[in-house]
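Overview (structure and organization)
Chain by chain, the residues:
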2 protein chains.
Amino acid sequence: MMSKTEVLEIAGNVTSWLIEAGDKLRPGVNHISKVDTKSSRNDLVTNEDVSIEKLLDGHIRQTYPDAQIMGEENKAERPQNLHGLVFFVDPIDGTLNFVRKHDCFASMIGVYYDGEPVFGGILDVMNKDLYWGGSLLGVYRNDVKLDAVADCPLADGLIGASWRQLFTNRFNLGTIGYHASGVRILGSAGLEFVQLLNGRHVGYVSTLNPWDFAAGSILAEALGFETGSVSGYRLSLLRPADYVVMTPNAMKTFRKLAYA
Amino acid sequence: MMSKTEVLEIAGNVTSWLIEAGDKLRPGVNHISKVDTKSSRNDLVTNEDVSIEKLLDGHIRQTYPDAQIMGEENKAERPQNLHGLVFFVDPIDGTLNFVRKHDCFASMIGVYYDGEPVFGGILDVMNKDLYWGGSLLGVYRNDVKLDAVADCPLADGLIGASWRQLFTNRFNLGTIGYHASGVRILGSAGLEFVQLLNGRHVGYVSTLNPWDFAAGSILAEALGFETGSVSGYRLSLLRPADYVVMTPNAMKTFRKLAYA
(Lines give C-alpha, C1' and ligand atoms only; values in the text may rest on other atoms or scores of the structure.)
Protein backbone atom coordinates (compact mmCIF):
# COMPACT_ATOMS: atom_id res chain seq x y z
CA MET A 1 0.00 0.00 0.00
CA MET A 2 0.97 3.62 -0.52
CA SER A 3 1.60 6.02 2.35
CA LYS A 4 -0.38 9.23 2.68
CA THR A 5 2.78 11.17 1.76
CA GLU A 6 3.13 9.18 -1.47
CA VAL A 7 -0.57 9.70 -2.29
CA LEU A 8 -0.28 13.43 -1.62
CA GLU A 9 2.67 13.59 -3.99
CA ILE A 10 0.64 11.80 -6.65
CA ALA A 11 -2.25 14.20 -5.99
CA GLY A 12 -0.01 17.22 -6.53
CA ASN A 13 1.42 15.80 -9.74
CA VAL A 14 -1.81 14.50 -11.30
CA THR A 15 -3.81 17.66 -10.56
CA SER A 16 -1.09 19.89 -12.05
CA TRP A 17 -0.91 17.70 -15.17
CA LEU A 18 -4.69 17.80 -15.64
CA ILE A 19 -4.73 21.60 -15.22
CA GLU A 20 -1.98 21.83 -17.85
CA ALA A 21 -4.01 19.58 -20.19
CA GLY A 22 -7.11 21.76 -19.74
CA ASP A 23 -5.16 24.94 -20.41
CA LYS A 24 -3.94 23.40 -23.68
CA LEU A 25 -7.40 22.06 -24.66
CA ARG A 26 -9.59 25.13 -24.11
CA PRO A 27 -7.98 27.41 -26.73
CA GLY A 28 -8.14 24.56 -29.28
CA VAL A 29 -11.86 23.78 -29.20
CA ASN A 30 -12.65 26.10 -32.10
CA HIS A 31 -9.92 24.90 -34.44
CA ILE A 32 -9.62 21.13 -34.16
CA SER A 33 -7.27 20.28 -37.01
CA LYS A 34 -7.76 16.55 -37.50
CA VAL A 35 -10.67 14.19 -36.80
CA ASP A 36 -10.40 10.47 -37.53
CA THR A 37 -12.92 7.71 -36.94
CA LYS A 38 -12.10 4.56 -34.96
CA SER A 39 -14.62 1.71 -34.60
CA SER A 40 -17.51 3.60 -36.24
CA ARG A 41 -18.61 6.87 -37.87
CA ASN A 42 -19.21 8.46 -34.46
CA ASP A 43 -16.24 6.97 -32.57
CA LEU A 44 -13.87 9.88 -33.07
CA VAL A 45 -10.26 10.64 -32.26
CA THR A 46 -8.61 14.02 -32.88
CA ASN A 47 -5.06 15.36 -32.99
CA GLU A 48 -5.83 16.78 -29.53
CA ASP A 49 -6.67 13.35 -28.00
CA VAL A 50 -3.34 12.05 -29.22
CA SER A 51 -1.23 15.04 -28.21
CA ILE A 52 -2.78 15.44 -24.75
CA GLU A 53 -2.29 11.72 -24.06
CA LYS A 54 1.36 12.09 -25.12
CA LEU A 55 1.72 15.08 -22.80
CA LEU A 56 0.26 13.18 -19.84
CA ASP A 57 2.19 9.97 -20.63
CA GLY A 58 5.43 11.99 -20.79
CA HIS A 59 4.84 13.45 -17.34
CA ILE A 60 4.01 10.02 -15.90
CA ARG A 61 7.05 8.30 -17.45
CA GLN A 62 9.39 11.03 -16.27
CA THR A 63 8.04 11.15 -12.71
CA TYR A 64 7.16 7.46 -12.20
CA PRO A 65 9.47 5.53 -14.58
CA ASP A 66 8.40 2.14 -13.17
CA ALA A 67 4.67 2.78 -13.53
CA GLN A 68 2.48 1.18 -16.17
CA ILE A 69 0.13 3.34 -18.28
CA MET A 70 -3.27 2.29 -19.65
CA GLY A 71 -4.20 5.01 -22.13
CA GLU A 72 -7.16 5.28 -24.47
CA GLU A 73 -5.15 6.12 -27.59
CA ASN A 74 -1.89 4.20 -27.03
CA LYS A 75 -3.03 0.65 -27.80
CA ALA A 76 0.46 -0.77 -28.31
CA GLU A 77 1.70 -0.48 -24.73
CA ARG A 78 -1.38 -1.36 -22.71
CA PRO A 79 -0.47 -3.28 -19.56
CA GLN A 80 -1.36 -6.97 -19.28
CA ASN A 81 -1.43 -6.96 -15.48
CA LEU A 82 -2.03 -4.53 -12.62
CA HIS A 83 1.30 -4.94 -10.82
CA GLY A 84 2.65 -1.87 -9.07
CA LEU A 85 1.59 1.64 -9.94
CA VAL A 86 -0.82 1.86 -12.93
CA PHE A 87 -2.04 5.17 -14.39
CA PHE A 88 -5.31 5.10 -16.39
CA VAL A 89 -5.34 8.04 -18.79
CA ASP A 90 -8.29 9.42 -20.76
CA PRO A 91 -7.06 12.62 -22.41
CA ILE A 92 -10.47 13.65 -23.79
CA ASP A 93 -13.47 11.79 -22.44
CA GLY A 94 -16.41 12.67 -24.69
CA THR A 95 -14.52 13.28 -27.93
CA LEU A 96 -17.78 13.50 -29.88
CA ASN A 97 -18.89 16.35 -27.59
CA PHE A 98 -15.43 17.93 -27.91
CA VAL A 99 -15.76 17.92 -31.72
CA ARG A 100 -19.49 18.68 -32.10
CA LYS A 101 -20.22 20.84 -29.04
CA HIS A 102 -16.81 22.26 -28.06
CA ASP A 103 -18.05 21.59 -24.54
CA CYS A 104 -19.08 18.77 -22.20
CA PHE A 105 -15.86 16.74 -22.16
CA ALA A 106 -13.37 15.79 -19.45
CA SER A 107 -9.72 14.82 -18.95
CA MET A 108 -9.19 12.01 -16.47
CA ILE A 109 -6.41 10.15 -14.68
CA GLY A 110 -7.04 7.27 -12.28
CA VAL A 111 -4.15 5.81 -10.27
CA TYR A 112 -4.09 2.27 -8.81
CA TYR A 113 -1.41 0.32 -6.94
CA ASP A 114 -1.50 -3.48 -7.35
CA GLY A 115 -5.11 -3.03 -8.52
CA GLU A 116 -6.14 -1.05 -5.42
CA PRO A 117 -7.53 2.50 -5.82
CA VAL A 118 -5.08 5.30 -4.94
CA PHE A 119 -6.14 8.57 -6.55
CA GLY A 120 -8.64 9.91 -9.10
CA GLY A 121 -8.73 13.18 -10.99
CA ILE A 122 -11.44 14.44 -13.38
CA LEU A 123 -11.18 17.85 -15.02
CA ASP A 124 -14.46 19.30 -16.34
CA VAL A 125 -12.43 21.15 -18.94
CA MET A 126 -14.70 23.98 -20.14
CA ASN A 127 -16.07 24.71 -16.66
CA LYS A 128 -12.51 24.60 -15.23
CA ASP A 129 -13.67 22.42 -12.34
CA LEU A 130 -11.22 19.82 -11.06
CA TYR A 131 -12.57 16.88 -9.05
CA TRP A 132 -9.82 14.99 -7.23
CA GLY A 133 -9.06 12.73 -4.30
CA GLY A 134 -9.80 9.25 -3.03
CA SER A 135 -10.57 7.31 0.12
CA LEU A 136 -7.39 8.47 1.88
CA LEU A 137 -7.64 12.19 1.07
CA GLY A 138 -11.37 12.76 0.68
CA VAL A 139 -12.91 14.20 -2.49
CA TYR A 140 -12.64 17.83 -3.58
CA ARG A 141 -14.11 20.07 -6.28
CA ASN A 142 -11.23 22.52 -6.67
CA ASP A 143 -10.66 23.58 -3.02
CA VAL A 144 -14.13 22.59 -1.72
CA LYS A 145 -14.39 19.27 0.13
CA LEU A 146 -17.44 17.32 -1.04
CA ASP A 147 -19.85 15.60 1.34
CA ALA A 148 -20.51 11.89 1.37
CA VAL A 149 -23.49 11.03 -0.80
CA ALA A 150 -27.01 11.01 0.63
CA ASP A 151 -28.18 7.42 0.15
CA CYS A 152 -31.00 8.41 -2.19
CA PRO A 153 -33.39 5.71 -3.48
CA LEU A 154 -33.68 5.17 -7.22
CA ALA A 155 -37.24 6.55 -7.17
CA ASP A 156 -36.02 9.97 -6.01
CA GLY A 157 -33.13 10.45 -8.39
CA LEU A 158 -32.05 10.82 -12.01
CA ILE A 159 -29.74 8.32 -13.69
CA GLY A 160 -27.26 8.73 -16.52
CA ALA A 161 -26.94 6.32 -19.43
CA SER A 162 -25.88 6.10 -23.05
CA TRP A 163 -28.56 6.79 -25.63
CA ARG A 164 -28.09 3.62 -27.71
CA GLN A 165 -28.36 1.43 -24.62
CA LEU A 166 -31.49 3.24 -23.48
CA PHE A 167 -33.02 2.96 -26.95
CA THR A 168 -32.28 -0.77 -27.19
CA ASN A 169 -33.39 -1.30 -23.57
CA ARG A 170 -30.05 -2.86 -22.64
CA PHE A 171 -29.92 -3.79 -18.93
CA ASN A 172 -33.68 -3.06 -18.84
CA LEU A 173 -32.78 0.65 -18.80
CA GLY A 174 -36.26 1.76 -19.84
CA THR A 175 -37.90 0.13 -16.83
CA ILE A 176 -35.11 1.43 -14.61
CA GLY A 177 -35.71 4.94 -15.97
CA TYR A 178 -39.42 4.72 -15.18
CA HIS A 179 -38.58 3.56 -11.62
CA ALA A 180 -36.18 6.50 -11.28
CA SER A 181 -37.05 10.18 -11.74
CA GLY A 182 -35.85 9.82 -15.32
CA VAL A 183 -32.79 9.43 -17.53
CA ARG A 184 -30.29 12.06 -18.64
CA ILE A 185 -27.76 11.56 -21.44
CA LEU A 186 -24.63 13.69 -21.47
CA GLY A 187 -22.23 11.79 -23.73
CA SER A 188 -19.25 11.81 -21.35
CA ALA A 189 -18.56 9.29 -18.56
CA GLY A 190 -16.42 11.90 -16.83
CA LEU A 191 -19.28 14.40 -16.68
CA GLU A 192 -21.62 11.62 -15.50
CA PHE A 193 -19.29 11.07 -12.54
CA VAL A 194 -19.32 14.85 -11.98
CA GLN A 195 -23.14 14.66 -11.67
CA LEU A 196 -22.80 11.88 -9.08
CA LEU A 197 -20.08 13.62 -7.05
CA ASN A 198 -22.26 16.76 -6.88
CA GLY A 199 -25.30 14.73 -5.75
CA ARG A 200 -27.24 15.54 -8.94
CA HIS A 201 -27.73 12.00 -10.23
CA VAL A 202 -28.10 8.80 -8.19
CA GLY A 203 -26.56 6.45 -10.75
CA TYR A 204 -24.93 5.84 -14.11
CA VAL A 205 -25.00 2.74 -16.31
CA SER A 206 -22.91 2.24 -19.44
CA THR A 207 -20.50 -0.07 -21.22
CA LEU A 208 -17.12 1.46 -20.51
CA ASN A 209 -13.40 0.93 -20.92
CA PRO A 210 -11.14 0.99 -17.85
CA TRP A 211 -9.88 4.54 -18.62
CA ASP A 212 -13.54 5.68 -18.67
CA PHE A 213 -14.29 4.51 -15.13
CA ALA A 214 -10.89 4.25 -13.37
CA ALA A 215 -10.76 7.80 -11.97
CA GLY A 216 -14.51 8.21 -11.43
CA SER A 217 -14.85 4.94 -9.52
CA ILE A 218 -12.22 6.01 -7.00
CA LEU A 219 -13.94 9.36 -6.39
CA ALA A 220 -17.48 7.95 -6.33
CA GLU A 221 -16.57 5.10 -3.95
CA ALA A 222 -14.84 7.56 -1.62
CA LEU A 223 -18.16 9.45 -1.34
CA GLY A 224 -20.16 6.28 -0.64
CA PHE A 225 -21.36 5.17 -4.07
CA GLU A 226 -21.24 1.49 -5.00
CA THR A 227 -19.67 0.35 -8.25
CA GLY A 228 -19.88 -2.96 -10.03
CA SER A 229 -20.60 -4.80 -13.23
CA VAL A 230 -24.23 -4.91 -14.32
CA SER A 231 -24.29 -8.70 -14.37
CA GLY A 232 -22.52 -9.06 -11.03
CA TYR A 233 -19.09 -10.34 -12.05
CA ARG A 234 -16.06 -8.72 -10.45
CA LEU A 235 -14.96 -5.55 -12.30
CA SER A 236 -11.63 -5.84 -14.07
CA LEU A 237 -9.39 -2.87 -14.83
CA LEU A 238 -7.93 -4.71 -17.83
CA ARG A 239 -10.99 -4.97 -20.09
CA PRO A 240 -14.28 -3.25 -21.01
CA ALA A 241 -17.15 -3.67 -18.56
CA ASP A 242 -20.91 -3.29 -18.41
CA TYR A 243 -20.48 -0.78 -15.63
CA VAL A 244 -22.85 0.57 -12.99
CA VAL A 245 -22.33 3.11 -10.20
CA MET A 246 -25.18 4.05 -7.85
CA THR A 247 -26.03 4.99 -4.32
CA PRO A 248 -26.29 1.79 -2.23
CA ASN A 249 -30.07 2.27 -1.96
CA ALA A 250 -30.54 2.80 -5.72
CA MET A 251 -28.19 -0.11 -6.46
CA LYS A 252 -30.48 -2.48 -4.52
CA THR A 253 -33.40 -1.60 -6.80
CA PHE A 254 -31.18 -1.66 -9.88
CA ARG A 255 -30.04 -5.22 -9.08
CA LYS A 256 -33.67 -6.36 -8.92
CA LEU A 257 -34.61 -4.67 -12.21
CA ALA A 258 -31.56 -5.06 -14.47
CA TYR A 259 -32.41 -8.60 -15.53
CA ALA A 260 -36.06 -8.70 -14.44
CA MET B 1 -46.52 45.20 -35.96
CA MET B 2 -44.35 46.65 -33.24
CA SER B 3 -41.78 49.33 -33.85
CA LYS B 4 -38.11 48.77 -33.03
CA THR B 5 -38.48 51.26 -30.15
CA GLU B 6 -41.35 49.25 -28.70
CA VAL B 7 -39.38 45.99 -29.08
CA LEU B 8 -36.33 47.55 -27.42
CA GLU B 9 -38.50 48.63 -24.51
CA ILE B 10 -39.85 45.07 -24.19
CA ALA B 11 -36.25 43.77 -24.38
CA GLY B 12 -35.18 46.02 -21.53
CA ASN B 13 -38.12 45.01 -19.38
CA VAL B 14 -38.08 41.26 -20.04
CA THR B 15 -34.33 40.88 -19.56
CA SER B 16 -34.43 42.78 -16.24
CA TRP B 17 -37.35 40.62 -15.04
CA LEU B 18 -35.53 37.40 -15.95
CA ILE B 19 -32.38 38.57 -14.19
CA GLU B 20 -34.48 39.36 -11.09
CA ALA B 21 -36.06 35.88 -11.27
CA GLY B 22 -32.62 34.24 -11.50
CA ASP B 23 -31.31 36.23 -8.55
CA LYS B 24 -34.29 34.97 -6.51
CA LEU B 25 -33.96 31.35 -7.72
CA ARG B 26 -30.24 30.72 -7.20
CA PRO B 27 -30.14 31.11 -3.39
CA GLY B 28 -33.20 28.84 -3.10
CA VAL B 29 -31.94 25.74 -4.89
CA ASN B 30 -30.71 24.09 -1.70
CA HIS B 31 -33.85 24.65 0.37
CA ILE B 32 -36.89 24.08 -1.83
CA SER B 33 -39.73 24.13 0.68
CA LYS B 34 -42.62 22.53 -1.19
CA VAL B 35 -42.79 20.02 -4.03
CA ASP B 36 -46.13 18.88 -5.46
CA THR B 37 -46.87 16.52 -8.30
CA LYS B 38 -49.08 17.43 -11.25
CA SER B 39 -49.95 14.91 -13.98
CA SER B 40 -47.58 12.20 -12.70
CA ARG B 41 -45.01 11.26 -10.04
CA ASN B 42 -42.25 13.08 -11.94
CA ASP B 43 -44.25 16.10 -13.16
CA LEU B 44 -43.31 18.45 -10.35
CA VAL B 45 -44.22 21.94 -9.27
CA THR B 46 -42.58 23.78 -6.37
CA ASN B 47 -43.33 26.87 -4.31
CA GLU B 48 -40.62 28.55 -6.41
CA ASP B 49 -42.38 27.85 -9.74
CA VAL B 50 -45.51 29.49 -8.36
CA SER B 51 -43.84 32.49 -6.73
CA ILE B 52 -41.54 33.27 -9.67
CA GLU B 53 -44.49 33.08 -12.09
CA LYS B 54 -46.40 35.49 -9.81
CA LEU B 55 -43.40 37.82 -9.78
CA LEU B 56 -43.14 37.83 -13.58
CA ASP B 57 -46.93 38.09 -14.08
CA GLY B 58 -47.00 41.07 -11.71
CA HIS B 59 -44.35 42.91 -13.72
CA ILE B 60 -46.15 42.16 -16.99
CA ARG B 61 -49.58 43.29 -15.70
CA GLN B 62 -48.16 46.49 -14.27
CA THR B 63 -46.14 47.42 -17.37
CA TYR B 64 -48.47 46.06 -20.08
CA PRO B 65 -51.96 46.08 -18.55
CA ASP B 66 -53.66 45.15 -21.85
CA ALA B 67 -51.39 42.16 -22.55
CA GLN B 68 -52.49 38.53 -22.20
CA ILE B 69 -50.35 36.05 -20.25
CA MET B 70 -49.95 32.34 -20.98
CA GLY B 71 -48.19 30.92 -17.93
CA GLU B 72 -47.30 27.35 -17.05
CA GLU B 73 -48.73 27.43 -13.52
CA ASN B 74 -51.68 29.83 -13.86
CA LYS B 75 -54.19 27.59 -15.64
CA ALA B 76 -57.26 29.73 -14.80
CA GLU B 77 -56.40 32.75 -16.91
CA ARG B 78 -54.85 31.19 -20.00
CA PRO B 79 -55.75 33.18 -23.14
CA GLN B 80 -58.12 31.69 -25.70
CA ASN B 81 -56.76 33.72 -28.60
CA LEU B 82 -53.52 35.46 -29.62
CA HIS B 83 -54.90 38.99 -30.06
CA GLY B 84 -52.53 41.84 -29.22
CA LEU B 85 -49.52 41.38 -26.98
CA VAL B 86 -49.19 37.89 -25.46
CA PHE B 87 -46.46 36.95 -22.94
CA PHE B 88 -45.58 33.23 -22.60
CA VAL B 89 -44.06 32.64 -19.17
CA ASP B 90 -42.17 29.56 -17.96
CA PRO B 91 -40.83 30.45 -14.51
CA ILE B 92 -38.78 27.24 -14.10
CA ASP B 93 -38.29 25.13 -17.20
CA GLY B 94 -36.90 21.79 -16.04
CA THR B 95 -38.49 21.65 -12.59
CA LEU B 96 -37.37 18.04 -12.13
CA ASN B 97 -33.76 19.17 -12.67
CA PHE B 98 -34.35 22.13 -10.34
CA VAL B 99 -35.52 19.75 -7.59
CA ARG B 100 -33.18 16.78 -8.19
CA LYS B 101 -30.04 18.45 -9.56
CA HIS B 102 -30.27 22.05 -8.31
CA ASP B 103 -28.97 22.85 -11.78
CA CYS B 104 -29.87 22.61 -15.47
CA PHE B 105 -33.08 24.67 -15.51
CA ALA B 106 -34.14 27.90 -17.20
CA SER B 107 -36.54 30.82 -16.84
CA MET B 108 -38.19 31.90 -20.09
CA ILE B 109 -40.42 34.60 -21.49
CA GLY B 110 -41.56 34.71 -25.12
CA VAL B 111 -43.46 37.73 -26.44
CA TYR B 112 -45.79 37.67 -29.47
CA TYR B 113 -48.03 40.33 -31.03
CA ASP B 114 -51.12 39.07 -32.86
CA GLY B 115 -49.38 35.69 -32.98
CA GLU B 116 -46.22 37.07 -34.60
CA PRO B 117 -42.85 36.66 -32.82
CA VAL B 118 -41.54 39.80 -31.09
CA PHE B 119 -38.97 38.92 -28.42
CA GLY B 120 -37.55 35.89 -26.64
CA GLY B 121 -35.57 35.60 -23.42
CA ILE B 122 -34.06 32.44 -21.87
CA LEU B 123 -32.05 32.60 -18.65
CA ASP B 124 -29.72 29.65 -18.00
CA VAL B 125 -30.17 30.30 -14.29
CA MET B 126 -27.21 28.57 -12.61
CA ASN B 127 -24.73 29.60 -15.33
CA LYS B 128 -26.10 33.18 -15.23
CA ASP B 129 -26.24 33.31 -19.03
CA LEU B 130 -29.10 35.28 -20.57
CA TYR B 131 -30.05 34.57 -24.18
CA TRP B 132 -32.28 37.28 -25.66
CA GLY B 133 -33.44 38.93 -28.86
CA GLY B 134 -35.38 38.14 -32.00
CA SER B 135 -35.45 38.79 -35.73
CA LEU B 136 -35.50 42.58 -35.30
CA LEU B 137 -32.70 42.87 -32.71
CA GLY B 138 -30.51 39.86 -33.42
CA VAL B 139 -29.71 37.25 -30.75
CA TYR B 140 -27.35 37.77 -27.83
CA ARG B 141 -25.78 35.69 -25.06
CA ASN B 142 -25.41 38.39 -22.41
CA ASP B 143 -23.58 41.13 -24.38
CA VAL B 144 -22.18 38.86 -27.12
CA LYS B 145 -24.05 38.82 -30.45
CA LEU B 146 -24.46 35.26 -31.71
CA ASP B 147 -23.79 34.24 -35.31
CA ALA B 148 -26.41 32.78 -37.61
CA VAL B 149 -26.35 28.98 -37.48
CA ALA B 150 -24.09 26.98 -39.80
CA ASP B 151 -26.53 24.86 -41.84
CA CYS B 152 -25.14 21.59 -40.49
CA PRO B 153 -26.53 18.29 -41.85
CA LEU B 154 -28.13 15.84 -39.42
CA ALA B 155 -25.23 13.40 -39.93
CA ASP B 156 -22.72 15.90 -38.49
CA GLY B 157 -24.64 16.99 -35.41
CA LEU B 158 -26.14 15.94 -32.10
CA ILE B 159 -29.86 16.19 -31.40
CA GLY B 160 -31.76 16.71 -28.17
CA ALA B 161 -34.84 14.72 -27.20
CA SER B 162 -36.81 13.51 -24.20
CA TRP B 163 -35.82 10.13 -22.82
CA ARG B 164 -39.28 8.54 -22.83
CA GLN B 165 -39.82 9.47 -26.46
CA LEU B 166 -36.42 8.09 -27.42
CA PHE B 167 -37.07 4.90 -25.47
CA THR B 168 -40.50 4.37 -27.11
CA ASN B 169 -39.10 5.36 -30.53
CA ARG B 170 -41.66 8.12 -30.92
CA PHE B 171 -41.17 10.05 -34.20
CA ASN B 172 -38.70 7.30 -35.18
CA LEU B 173 -36.19 8.99 -32.84
CA GLY B 174 -33.93 5.94 -32.65
CA THR B 175 -33.36 5.88 -36.39
CA ILE B 176 -32.95 9.65 -36.41
CA GLY B 177 -30.35 9.34 -33.64
CA TYR B 178 -28.39 6.77 -35.65
CA HIS B 179 -28.48 9.10 -38.69
CA ALA B 180 -27.25 11.96 -36.49
CA SER B 181 -24.06 11.94 -34.41
CA GLY B 182 -26.19 10.83 -31.48
CA VAL B 183 -28.79 11.93 -28.95
CA ARG B 184 -28.33 13.97 -25.79
CA ILE B 185 -30.98 14.31 -23.07
CA LEU B 186 -30.86 17.32 -20.77
CA GLY B 187 -34.36 17.48 -19.28
CA SER B 188 -35.00 21.17 -20.03
CA ALA B 189 -36.38 22.62 -23.27
CA GLY B 190 -34.78 25.95 -22.40
CA LEU B 191 -31.32 24.39 -22.14
CA GLU B 192 -31.93 22.48 -25.37
CA PHE B 193 -32.51 25.82 -27.11
CA VAL B 194 -29.30 27.07 -25.46
CA GLN B 195 -27.43 24.18 -27.13
CA LEU B 196 -28.91 25.16 -30.50
CA LEU B 197 -28.17 28.88 -30.12
CA ASN B 198 -24.54 28.05 -29.29
CA GLY B 199 -24.22 25.75 -32.32
CA ARG B 200 -23.72 22.67 -30.14
CA HIS B 201 -26.74 20.65 -31.29
CA VAL B 202 -28.39 20.67 -34.73
CA GLY B 203 -31.91 19.87 -33.57
CA TYR B 204 -34.37 19.14 -30.79
CA VAL B 205 -37.56 17.07 -30.85
CA SER B 206 -40.09 16.87 -28.04
CA THR B 207 -43.76 17.19 -27.12
CA LEU B 208 -43.98 20.67 -25.63
CA ASN B 209 -46.41 23.24 -24.32
CA PRO B 210 -46.42 26.75 -25.82
CA TRP B 211 -44.51 28.23 -22.84
CA ASP B 212 -41.80 25.60 -23.44
CA PHE B 213 -41.11 26.67 -27.03
CA ALA B 214 -42.41 30.28 -27.31
CA ALA B 215 -39.16 32.06 -26.36
CA GLY B 216 -36.78 29.50 -27.87
CA SER B 217 -38.53 29.44 -31.23
CA ILE B 218 -38.12 33.20 -31.63
CA LEU B 219 -34.40 33.02 -30.84
CA ALA B 220 -33.72 29.89 -32.90
CA GLU B 221 -35.60 31.20 -35.96
CA ALA B 222 -33.71 34.49 -35.75
CA LEU B 223 -30.45 32.51 -36.09
CA GLY B 224 -31.71 30.50 -39.07
CA PHE B 225 -33.21 27.36 -37.50
CA GLU B 226 -36.51 25.98 -38.81
CA THR B 227 -39.33 25.14 -36.40
CA GLY B 228 -42.49 23.14 -36.96
CA SER B 229 -44.66 20.32 -35.82
CA VAL B 230 -43.32 16.82 -36.32
CA SER B 231 -46.31 15.76 -38.40
CA GLY B 232 -46.30 18.93 -40.52
CA TYR B 233 -49.40 20.75 -39.25
CA ARG B 234 -49.08 24.46 -38.50
CA LEU B 235 -47.75 25.11 -34.98
CA SER B 236 -50.27 26.72 -32.62
CA LEU B 237 -49.30 28.82 -29.62
CA LEU B 238 -52.53 27.85 -27.84
CA ARG B 239 -52.00 24.11 -27.36
CA PRO B 240 -49.31 21.43 -26.87
CA ALA B 241 -47.36 20.39 -29.95
CA ASP B 242 -45.13 17.60 -31.18
CA TYR B 243 -42.39 20.12 -31.74
CA VAL B 244 -39.21 20.04 -33.82
CA VAL B 245 -36.49 22.66 -34.34
CA MET B 246 -33.49 21.95 -36.59
CA THR B 247 -31.09 23.48 -39.05
CA PRO B 248 -32.76 23.59 -42.49
CA ASN B 249 -30.41 20.88 -43.74
CA ALA B 250 -31.06 18.55 -40.78
CA MET B 251 -34.80 19.26 -41.01
CA LYS B 252 -34.86 17.91 -44.58
CA THR B 253 -33.48 14.56 -43.40
CA PHE B 254 -35.73 14.59 -40.32
CA ARG B 255 -38.84 15.04 -42.49
CA LYS B 256 -37.87 11.94 -44.51
CA LEU B 257 -37.19 9.83 -41.42
CA ALA B 258 -39.82 10.88 -38.86
CA TYR B 259 -42.55 8.69 -40.31
CA ALA B 260 -40.41 6.39 -42.48
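You'll find chain A entered in an unreviewed UniProt entry as Myo-inositol monophosphatase, with Furfurilactobacillus rossiae DSM 15814 given as the organism. Check the Cofactor (unreviewed entry) section of the UniProt entry for chain A; it says "Mg(2+)".

A count of helical and extended segments in chain A gives 8 helices and 14 strands. Summarising its shape, the C-alpha atoms of chain A cover approximately 50 × 45 × 35 Å along the three principal directions. Counting every position in chain A, which comprises 260 residues, the buried fraction comes to 58%. Accessible surface computed for chain A: about 10200 Å², of which carbon and sulfur atoms make up 49%. Looking at chain A, you have 24 positive and 30 negative side-chain charges, and the mean spots of the two groups are 5 Å apart.

Moving on to the UniProt feature "binding site: Mg(2+) 1" (unreviewed entry) in chain A. Residues and elements named next belong to chain A. UniProt tags E72, I92 and D212 as "binding site: Mg(2+) 1" (unreviewed entry). The greatest C-alpha distance among the residues just named is 10.0 Å, despite their covering 141 residues of sequence, which places them together in space. Residue position: E72 is located in the loop between β3 (68-71) and β4 (85-93). Beyond its immediate chain neighbours, meaning those up to four positions away, E72 contacts K38, E53, R78, V89, D90, P91, I92 and W211.

Before going further, it helps to examine the UniProt feature "binding site: Mg(2+) 2" (unreviewed entry) in chain A. Residue and element names in this part refer to chain A. Those places that UniProt annotates as "binding site: Mg(2+) 2" (unreviewed entry) correspond, in this numbering, to D90 and D93. Looking at the element boundaries, D90 is found in strand β4. Ignoring sequence-local partners within four residues, the contact set of D90 consists of E72, A106, S107, M108, W211 and D212.

This paragraph deals with the interface of chain A and chain B. One widely used convention gives an interface's size as the accessible area the parts lose upon coming together. Chain A puts 33 residues into the contact, and the matching count from chain B is 33 residues. In this assembly, chain A packs against chain B so that about 3000 Å² is buried in total across both faces, 52% of it on carbon and sulfur atoms. At the junction of chain A and chain B, the tally comes to 2 salt bridges. Here B:D103 and A:R200 are joined by a salt bridge, their closest N and O atoms 3.1 Å apart.

A:I122, A:F193, A:V245, B:I122, B:F193 and B:V245 are the most contacted members of the largest nonpolar core, which has 65 residues in total. In terms of nonpolar packing, the next biggest core, distinct from the first, is built from 43 residues, A:A161, A:I185, B:A161 and B:V205 among them.

This part covers the packing of helix α1 (residues 4-25) of chain A against helix α2 (residues 47-63) of chain A. All names here are of chain A. The contact between α1 and α2 brings their axes to 11 Å, and the two run at 155°. Taken as axis vectors, α1 and α2 run roughly antiparallel relative to one another. With respect to the hand of their crossing, α1 and α2 are arranged in right-handed fashion. On α2, the residues touching N13, W17, E20, A21, K24 and L25 of α1 are E48, I52, L55, L56, H59, I60 and T63. Looking at the contact of α1 with α2 residue by residue, the classes come out as 7 nonpolar, 3 polar and 3 charged.

We now examine the relation of the copies chain A and chain B. Least-squares fitting of chain A to chain B yields an RMSD of 0.0 Å, with the transformation described by 0.0 Å of translation along the axis and a rotation of 180°. Classification of the inter-copy transformation places it as that of a two-fold axis. Counting the interface residues of chain A, we find that 100% of their copies in chain B are interface residues as well, pointing to one common contact surface.

Let's shift gears to helix α7 (residues 210-222) of chain B. Residue and element names in this part refer to chain B. Its 13 residues give α7 an end-to-end C-alpha distance of 18 Å, which sits within 8% of 18 Å, the value for a rise of 1.5 Å per residue. When the local axis directions of α7 are compared, the greatest deviation, roughly 30°, occurs at G216. Within α7, 11 of the 13 residues are buried, which leaves it mostly tucked inside the rest of the structure. Turning to α7, its buried residues number three or more, namely P210, W211, D212, F213, A214, A215, G216, S217, I218, L219 and A220.

What counts as what
- Residues numbered from 1 in each chain as written.
- Chains lettered and ligands numbered in written order.
- Predicted model: local features only at pLDDT ≥ 70, side-chain atom pairs only at ≥ 80, totals over all residues.
- Heavy atoms only, no water.
- UniProt positions renumbered as here; feature names shortened; annotations may be inferred.
- Helix = DSSP H or I, 4+ residues; strand = E, 2+ residues; numbered from the N terminus.
- Buried < 20%, exposed > 50% of the residue type's maximum accessible area, 1.4 Å probe, protein only.
- Areas by Shrake-Rupley, 256 points an atom, 1.4 Å probe, with all protein chains shown as cover.
- Lys, Arg positive; Asp, Glu negative; His and termini not counted.
- Charge placed at Lys NZ, Arg CZ, Asp CG, Glu CD.
- Contact = heavy atoms within 4.5 Å.
- Buried area = accessible area lost by both parts, 1.4 Å probe.
- Salt bridge = Lys/Arg side-chain N within 4 Å of Asp/Glu carboxyl O.
- Core = buried A, V, L, I, M, F, W, Y, C linked by side-chain atoms within 4.5 Å.
- Axes fitted to C-alpha atoms, helices over the stretch in contact; angles between N-to-C directions.
- Parallel < 35°, antiparallel > 145°, perpendicular 65-115°, else oblique.
- Left-handed = near helix turned anticlockwise from the far one by under 90°.
- Nonpolar A, V, L, I, M, F, W, Y, C, P; charged D, E, K, R; others polar.
- Least-squares fit on C-alpha atoms with pLDDT ≥ 70 in both.
- Expected span 1.5 Å × (residues − 1).
- Bend = angle between axes of the 7 residues up to and from the residue.

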